[in-house]
Amino acid sequence: MKIGVIGGGAWGTALAQVAAHEGREVILWAREPAVVDSINATHENALFLAGVALSPTIRATDDLAALAGMDAILVVAPAQHVGSVLAAAPVGRIPLVLCAKGIEAGSKRLVGEVARAVHPDAPIAVLSGPTFAHEVAAGLPTAVTLACEDAELGERLAARLAARHFRTYASTDVAGAEIGGAVKNVLAIGCGVVEGAGLGQNARAALIARGFAEMTRFGLARGARAETLAGLSGLGDLVLTCSSPSSRNFSLGVGLGRGDSAAALLSDRRTVAEGAFTAPVLREAARDAGVDMPITEAVCRLLEGAPVSDVIGDLLARPLKGEAG
Ligand SMILES: NC(=O)C1=CN([C@@H]2O[C@H](COP(=O)(O)OP(=O)(O)OC[C@H]3O[C@@H](n4cnc5c(N)ncnc54)[C@H](O)[C@@H]3O)[C@@H](O)[C@H]2O)C=CC1
Ligand SMILES: O=C(CO)COP(=O)(O)O
């Protein structure tokens, strides 16, 4: 089986490593010539996944045309860039496995909707779950959701992308898998703020639980299934990303919680914190759908520069309500 990977960041590289270890032929497209050279010459991605010895069979390229004829293409560019990169890729009817977590600004589309618009003949699947790239690349046990509306294709892809330490659980709920991954990044920024501002463990647990309620309300309004949101790609990833400074979203939140500005925190990073881009568009999408998302609203205000004490004070001052509400 020939696997193409679009995106030479940490996650594209880790997924390429899993596939190559399973004996797949892997071609990875990267945007940065330095990544292509580093992978081909030294079998390491020194820019985005330094210190991991990659399989020498992974071939990197800067030419999207090299992905023609693959059996499946993993799409691992940041959510805001998936549309433009896919538009230049020779996809046709090749199954696309979408691995980015986010909502496109402006269009308010999930990544699957973006991919369908660009390549309407390509079957779409979503791979999502609690997956820090460095752990996956190190061969540590990991489990993900592999969602595809075509159940038979989904099971085939799940079998072919799995490895002994990388368990894939098939699902047909594409929207559910996508929404969990997109929303958890925003909530992880909020949990980071709690950490950075020293608000305590109780507050963080409350934010995870009430954040999950938000994710569920939004997901159900957009056609997701509750069991998907409670699974690996929803609650599973929410718990991971909200508990660890390994998360770029969580660590962005820690900086905000300490009083640094979003602009300063985002300006000197090469890696992506998807929640910063998803938060404003998620807020718009939630308002469109008539869904109350107070934590998402709070994260947006913090990204816009509102003082932490004001935002937390306003969250706590909201009228009391029933837990199911
Ligand atoms: N790193 C991780 O542990 C995981 C990441 N993801 C998701 O995978 C996606 C990619 O993230 P990472 O691989 O971590 O990236 P990264 O943060 O390691 O690297 C940044 C990536 O963004 C790309 N990029 C920057 N500007 C671009 C542009 N204008 N056009 C196209 N690409 C551009 C770079 O080429 C590079 O591949 C994100 O949606 C992320 O949420 C999902 C699961 C785990
Ligand atoms: O999606 C991830 C883990 O599942 C990675 O999280 P961060 O993008 O916040 O680092």
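The residue numbering used here restarts from 1 in each chain and proceeds along that chain's sequence as written. By the order in which they are written, chains take letters starting at A while ligands take numbers starting at 1. Local features in a predicted model are, by the rule used here, given only for residues with pLDDT of at least 70; side-chain atom pairs are given and counted only at 80 or more, and totals for whole chains, interfaces and linings are based on all residues. Note that the side-chain values use all heavy atoms of the structure and ignore hydrogens as well as water.

An unreviewed UniProt entry lists the protein chain under the name Glycerol-3-phosphate dehydrogenase [NAD(P)+], with Sphingomonas aurantiaca as the source organism. UniProt positions are given in the numbering used here, feature names are shortened, and annotations may be inferred rather than shown by experiment. The record in UniProt for the protein chain states the following under Pathway (unreviewed entry): "Membrane lipid metabolism; glycerophospholipid metabolism." Per UniProt, the protein chain has the following entry under Sequence similarities (unreviewed entry): "Belongs to the NAD-dependent glycerol-3-phosphate dehydrogenase family."

**Student:** Could you clarify how one ought to interpret the site of ligand 2 in this entry?
**Tutor:** Any residue with at least one heavy atom within 4 Å of a molecule or strand is counted as near it. Close to ligand 2 lie 13 residues, the nearest being Lys-101, Asp-237, Ser-247, Arg-248 and Asn-249. Distance and chemistry together define a polar contact, namely a pair of N or O atoms within 3.5 Å, with one atom able to donate a hydrogen and the other to accept it when in protein, and with adjacent residues in sequence counting only for side-chain atoms on both sides. Take Asp-237: an N or O atom from its side chain is 2.7 Å from an oxygen atom of ligand 2. Protein coverage of the free-state accessible area of ligand 2, which is 300 Å², stands at 92%. Of the residues forming the shell around ligand 2, the biggest block, 3 residues, is contributed by helix α10 (residues 232-241). Residue composition of the shell around ligand 2, by class: 3 nonpolar, 6 polar and 4 charged. Domain borders in the structure are assigned automatically or taken from a domain database. Two domains share the shell around ligand 2, each providing at least three of its residues, namely domain 1 (2-172) and domain 2 (175-316). Residue exposure ignores everything except the shown protein chains as possible cover, and the areas themselves are Shrake-Rupley values with a 1.4 Å probe. Under the scheme used here, helices are H or I runs from DSSP no shorter than 4 residues and strands are E runs no shorter than 2 residues, and both carry numbers assigned from the N terminus. In this count, Pro and Cys sit with the nonpolar residues alongside Ala, Val, Leu, Ile, Met, Phe, Trp and Tyr, while Asp, Glu, Lys and Arg are called charged and the others, Gly among them, polar.

**Student:** Explanation requested: the environment of Gln-80 in the structure shown.
**Tutor:** Tracing the sequence through the fold places Gln-80 in the loop between β4 (72-75) and α3 (82-87). Should any heavy atoms of two residues lie within 4.5 Å, those residues are counted as being in contact. Excluding its chain neighbours within four sequence positions, the residues that come into contact with Gln-80 are Ile-103, Glu-104, Ala-105 and Phe-277.

**Student:** Can you walk me through the domain arrangement of the protein chain in this structure?
**Tutor:** Think of interface size as the accessible area that goes away when the parts come together; that is how it is often given. Once the domains are mapped, the protein chain shows domain 1 (2-172) and domain 2 (175-316). Listed per partner, the contact involves 30 residues of domain 1 and 29 residues of domain 2. By convention, the term buried area covers the 1.4 Å-probe accessible surface removed from two parts as they join, with the contributions of both added. Of the roughly 2300 Å² buried where domain 1 meets domain 2, counting both sides, 64% is carbon and sulfur surface. By definition, a salt bridge exists where a carboxyl oxygen of Asp or Glu is found within 4 Å of a side-chain nitrogen of Lys or Arg. Taken together, domain 1 and domain 2 are joined by 4 salt bridges. A salt bridge links Asp-288 to Lys-108, with the shortest nitrogen-to-oxygen separation between them at 2.6 Å. Taken together, the links from domain 1 to domain 2 amount to 10 residue pairs in polar contact (both at pLDDT 80 or more). Counting residues per element, the ones that place at least two in the side of domain 1 that touches domain 2 are α4 (111-118), β6 (124-128), β7 (142-148) and β8 (166-171). Take the side of domain 1 that touches domain 2: its biggest share by element is 4 residues, from β7. By residue class, the composition of the side of domain 1 that touches domain 2 is 15 nonpolar, 11 polar and 4 charged.

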